[in-house]
Each structure stands twice: as structure tokens, then as C-alpha cells.
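# Geometric and topological summary
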Amino acid sequence: MLSAPRSVTRLIREFSKLPGIGAKTSERFVYFLLKHNRENIDQLTLALNELQRSVRQCDQCFSYSEKSTCDTCSDPTRDTSMLCVVAEPKDVFVFEHTGEFDGLYHVLGGVIDHVAGVGPQDLRLRELEERIKNLNIAEVILATNPDAEGELTAIYIAQQLEHLNVRMTRIARGLPTGADIQFADDLTLTNALKSRRDFKRP
Ligand SMILES: [Zn+2]
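Residues numbered from 1 in each chain as written. Predicted model: local features only at pLDDT ≥ 70, side-chain atom pairs only at ≥ 80, totals over all residues. Heavy atoms only, no water.

### Observations concerning the packing of aromatic side chains
Aromatic ring pairs are defined here through the distance separating the ring centres and the angle between the ring planes. Stated precisely, the cut-off is as follows: Between 30 and 60 degrees the pair is tilted, below 30 it is stacked and above 60 it is edge-to-face, where a pair is any two Phe, Tyr or Trp rings, Trp via its six-membered ring, whose centres lie within 6.5 Å. In this description a helix means any DSSP run of H or I spanning at least four residues, a strand means any run of E spanning at least two, and both kinds are numbered starting from the N terminus. Exposed residues in this analysis have more than 50% of their type's maximum accessible area, buried residues have under 20%, and partly exposed residues fall in between, with area computed by a 1.4 Å probe over protein chains only.
By the definition in use, this model includes two aromatic pairs. Ring plane angle 85 degrees and centroid distance 5.4 Å describe the contact between phenylalanine 15 and phenylalanine 29, whose orientation is recorded as edge-to-face. Residue phenylalanine 15 is found in helix 1 (residues 6-15), and its partner phenylalanine 29 is found in helix 2 (residues 23-35); the two are separated by 14 residues along the sequence. Between phenylalanine 101 and tyrosine 105 the ring centres are 5.2 Å apart and the planes differ by 65 degrees, which places this aromatic pair in the edge-to-face class. For phenylalanine 101, a relative accessible area of 6% translates into the label buried.

Okay, here's the thing in C-alpha cells:
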């Protein structure tokens, strides 16, 4: 039996490691790239190389940036008394897209998820506490997703940082419970930010 060339099966295997991409889709990608002009492959290679080479974590907020300190953190016009705490770097860009928030961000690097084996020690909580103190933050907006893990994480942070005496707010339920910030439209997200509430322990 003749099997596909090794380099073909290898790339199929690599694509199928991506979230939501099964073996069949992965196979389609590879044969598409081979069939339709090889320039696609060059562009893809360049884009991947650039991603690998130039994207790093901001040394302040831990979002993605091509500089050591991202544009948001180094922007002197931002309100440095507000800190919006999000789970992942992609959430920063979603909030930025609304144009509604002009404070700073802090990326936790995930949420507490017992099933996935992610505990508080895996999140950037020590850094969060340091930044709240150093930046003289007046309000911390807990903007994790309104799902079980996001809620749990928000509650945990509010409890852990209670001693700092800083105002803690939670984005409003304008977002449907269980929704992903990533998929919320600008208006919904803007409303969720605007109608945030002071965090109360359940
Ligand atoms: Zn930053």
C-alpha cells in the first residue's frame, strides 16, 4: 500500500494538534497548500517564523507584544489607577477593541480549573498583588469569563486580595452565564464593563 510522503503526514500531524482541528481538516489543509500555489506555503512559513521570533510577553501585564513592554503599558495617557484582570492575552485585545476601557490590564495566564489541574499557584497572582501595590491601583476589575472557572477565579482573587483595601469589581452579567468573553460583541462587552458591580462575597 502506498502511503503519503512522510513530510505530508508530518504536517497533517502538526495541524491536528491545533484546537478544534481533527485529522480530516488537517489533511484538507495540507493538500490545499500543496495544490494551490506554493506561495501560500512561503507566506505561512514566514508568518510562523515571525510569530516565533517577535511575539513575547509584556514584562508588565503579561499580554502578547512585540516589545518588552507593550503599547498599552507604555502609553502615558492610560489611567493607571484601573486594572482589568483577564485570563488570557487574547481577552486584552477583545476589551481593547471596544475602546471603552482606558486603564491597564493584568493577564493571569489561565483560570483555576480543578479538572484541568490548574491551581492558584499556576496563575500570576503574586505579580497581580505587586502591581496593585506598586501602581497604586484604585480599582481592580475582575474580568474573567462568567463560567464556573471564571467565577471561581474571581471569588478566589477577591478573597486573597481583600487585605489590600482596593475596590474590586466584577464585570456585569450583560454577558450570558457561561459565555466566553472572546465571542461577545463590542456592545455586550461595553455594557458588561459599564455596569460592573462591586464584588461581594457569595
Ligand atoms: Zn503590557
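### Observations concerning the coordination of the zinc ion
Using the following cut-off: Counted as coordinating are nitrogen, oxygen and sulfur atoms within 2.8 Å of the metal, or 3.2 Å for Na, K and Ca, while water is not included, which may make sites look incomplete. The geometry test gives tetrahedral to four donors whose angles all lie between 85 and 135 degrees, gives square planar to four donors and octahedral to six donors whose opposite members are over 155 degrees apart with all other angles between 65 and 115, and gives irregular to the rest.
The coordination sphere of the zinc ion, as far as protein atoms go, consists of Cys58 (SG), Cys61 (SG), Cys70 (SG) and Cys73 (SG), spread over 2.3 Å. Note that the zinc ion binds four donor atoms; their angles at the metal cover 105 to 114 degrees, and the shape is tetrahedral. Mapping the donors of the zinc ion onto the primary sequence yields the spacing C-x2-C-x8-C-x2-C. With cysteine 58 in the loop between strand 1 (56-57) and strand 2 (64-65) and cysteine 73 in the loop between strand 2 and strand 3 (82-86), the pair connects residues that are 15 residues apart, well separated along the chain.

### Overview of the sheet that holds strand 3
Backbone-to-backbone hydrogen bonds join strands into a sheet, with any given pair of strands oriented parallel or antiparallel. The criterion, for reference: Any two strands are treated as partners once DSSP identifies two or more bridges connecting them. The contact definition used throughout considers only heavy atoms, calling two residues in contact when any of these lie within 4.5 Å. Think of each axis as a best-fit line through the C-alpha atoms, taken over the contacting stretch in the case of a helix, with angles from 0 to 180 degrees between the N-to-C directions.
Strand order in this open sheet of five strands is 4-3-5-6-7, and the pairing throughout is mixed. The sheet is open, and its two edges are formed by strand 4 (104-107) and strand 7 (197-198), each paired on a single side. Taken together, the two bridges between strand 6 (residues 167-170) and strand 7 define a ladder with antiparallel strand orientation. The partner of threonine 169 across the bridge, within strand 7, is aspartate 198. Running at roughly 155 degrees to strand 4, helix 4 (residues 89-98) makes contact with strand 3 and strand 4 of the sheet.

### Here we look at the nonpolar core
To keep it simple, the criterion reads: For this analysis, a nonpolar core means a set of buried residues of the types Ala, Val, Leu, Ile, Met, Phe, Trp, Tyr and Cys, connected via side-chain atoms within 4.5 Å.
Core analysis: the biggest nonpolar cluster contains 20 residues, and Leu128, Ile132, Val140, Leu142 and Ile157 have the highest contact counts within it. Of all the elements in the fold, those that place two or more residues in this core are strand 3, helix 5 (125-134), strand 5 (139-142) and helix 6 (148-160). If we ignore the near neighbours within four places in the chain, the residues touching isoleucine 157 are Val85, Leu108, Leu125, Leu128, Leu142 and Met168. Grouped together as the second largest cluster of nonpolar side chains are 18 residues, Phe95, Ile141, Ile171 and Ala192 included.

### Examining the side chain of threonine 153
Mapped onto the elements of the fold, threonine 153 is located in helix 6. Of the residues examined, threonine 153 reaches a relative accessible area of 0% and is grouped as buried.

### A few points about the side chain of aspartate 91
Cut-off, in case you're wondering: His is not counted, nor are the chain ends; Lys and Arg add positive charge and Asp and Glu add negative charge. We define a salt bridge as a contact between a side-chain nitrogen of Lys or Arg and a carboxyl oxygen of Asp or Glu at a distance within 4 Å. What qualifies as a polar contact is a pair of N or O atoms within 3.5 Å, subject to a donor-acceptor requirement within protein and to the restriction that residues adjacent in sequence count only when both atoms come from side chains.
Mapped onto the elements of the fold, aspartate 91 is located in helix 4. Despite its burial, aspartate 91 pairs with no opposite charge; the closest candidate is lysine 90, at 4.1 Å N-O. In terms of polar contacts, aspartate 91 uses its side chain to reach the backbone amide nitrogen of alanine 87, at 3.5 Å. Once you skip the residues sitting within four places of it in the chain, aspartate 91 turns out to touch Val86, Ile181 and Gln182.

### As for the packing of helix 1 against helix 2
The cut-off we apply is this: In this scheme, roughly parallel covers angles under 35 degrees and roughly antiparallel covers those over 145, while 65 to 115 is roughly perpendicular and the rest are oblique. Each crossing is labelled by how the near helix is turned from the far one, with a counterclockwise turn of less than a right angle marking it left-handed and a clockwise turn marking it right-handed. Polarity classes work like this: nonpolar for Ala, Val, Leu, Ile, Met, Phe, Trp, Tyr, Cys and Pro, charged for Asp, Glu, Lys and Arg, and polar for all others, with Gly in that last group.
At a minimum axis distance of 8 Å, the contact between helix 1 and helix 2 shows a crossing angle of 130 degrees. Looking at the two axes, helix 1 sits oblique to helix 2. Pair helix 1 / helix 2 crosses with right-handed handedness. On helix 2, the residues touching Val8, Leu11, Ile12, Arg13 and Phe15 of helix 1 are Ala23, Ser26, Glu27, Phe29, Val30, Tyr31, Leu33 and Leu34. For the contact of helix 1 with helix 2, the class distribution of residues is ten nonpolar, one polar and two charged.

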